[in-house]
Amino acid sequence: MATVLDSLSVPRAATALSLPTRSHIAPAVSSSLSSFSARGSFPLFKGLKVTARSLGPLIVTSRRATSAGPVVCEAQDTAVQVPAITDANWQSLVLESESPVLVEFWAPWCGPCRMIHPVIDELAKQYAGKIKCYKVNTDESSSIATRYGIRSIPTVIIFKNGEKKDTVIGAVPKSTLTTNIEKFL
């Protein structure tokens with residue numbers, strides 16, 4: 001326990017805090033803390049020391065990373081970007097669509113919305129060609145949200161032939177959305 005506390009790093013602002021008395025601390029911990037209180041402050045954290053190591057095409061040095069070759073991101077091939085819908089393109093993309101449309105109503109400040117984004121992205125990829133997926137930012141397109149009575153986000157609405165068919169409110173599991181989608185394919 002003493003060795004753990006000897007390597008403890010605390011920000012400089014912690015020096016103003018008073019240390020507990022020895023009667024409240026286990027003897028092993030007390031001896032380690034006495035070395036801190038004798039000096040009057042905790043050791044200053046100076047960061048991690050990084051040594052130069054080869055990590056494939058990327059070489060890390062003590063201050064910066066330099067590229068030794070092209071960096072390839074394999075995730076770009078599998079990522080699906082779900083397009084955003086605005087008031088201007090709502091009619092043509094959702095209401096006049098030949099295929100079923102899944103629309104997620106969200107806002108950038110909404111935590112549960114950020115949790116469901118990857119699920120919507122997966123569904124867009126899984127049902128590509130069968131269903132169209134879009135996202136509506138309720139802060140930017142509030143008239144659409146008002147028209148469909150969106151009072152809570154995230155809300156997912158499935159449209160077919162321009163009509164609202166099903167609504168799911170909240171950050172739900174992928175299986176729940178999949179079940180609702182399957183009803184309209």
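See the structure shown above.
Here we summarise the structure given alongside this text. The model shown is predicted, which means the values in this text are computed figures rather than measured ones.

Let's talk about the nonpolar core
By size, the foremost hydrophobic cluster in this structure holds 20 residues, and its most contacted members are Trp90, Val94, Val103, Phe105, Tyr148 and Phe159. The set of elements that each furnish at least two residues to this core consists of α4 (90-95), β4 (101-106), β5 (132-137), α6 (142-147) and β6 (155-160). The leading source of residues in this core is β4, at four residues. Discounting chain neighbours no more than four positions away, the residues touching Phe105 are Trp90, Val136, Thr138, Ile144, Ala145, Ile150, Ile153, Pro154, Thr155 and Ile157. Among the nonpolar cores identified, the runner-up in size contains 17 residues, and Val82, Ile120, Leu123 and Ile131 belong to it.

A short note on the environment of Thr138
As for its position among the elements, Thr138 is in the loop between β5 and α6. On the basis of relative accessibility, which here comes to 13%, the residue Thr138 falls in the buried class. Those residues within four positions of Thr138 in sequence are excluded, and the remaining contacts are Phe105, Trp106, Ala107, Ala145 and Ile153.

Digging into the sheet that holds strand β7 (residues 163-169)
Read across the sheet, four strands follow the order β5-β4-β6-β7 without closing on themselves; strand pairing throughout is mixed. At either margin of the open sheet sits one strand with a lone partner, and together these are β5 and β7. Direction aside, the axes of adjacent strands within the sheet are offset by 20 degrees on average. Sheet topology note: the β4/β5 ladder contains six bridges and is parallel. Within the sheet, the bridge partner assigned to Val101 lies in β5 and is Lys132.

A word on helix α7 (residues 174-182)
Listed in full, the buried residues belonging to α7 are Leu177, Thr178, Asn180 and Ile181. Buried residues in α7, looked at end-on, bunch into an arc of 165 degrees, giving them a common side. The secondary structure elements touched by the buried residues of α7 are β4, α5 (111-126), β6 and β7.

What counts as what
Residues numbered from 1 in each chain as written. Predicted model: local features only at pLDDT ≥ 70, side-chain atom pairs only at ≥ 80, totals over all residues. Heavy atoms only, no water. Core = buried A, V, L, I, M, F, W, Y, C linked by side-chain atoms within 4.5 Å. Buried < 20%, exposed > 50% of the residue type's maximum accessible area, 1.4 Å probe, protein only. Helix = DSSP H or I, 4+ residues; strand = E, 2+ residues; numbered from the N terminus. Contact = heavy atoms within 4.5 Å. Pairing = 2+ DSSP bridges. Axes fitted to C-alpha atoms, helices over the stretch in contact; angles between N-to-C directions. Arc of directions from axis to C-beta.

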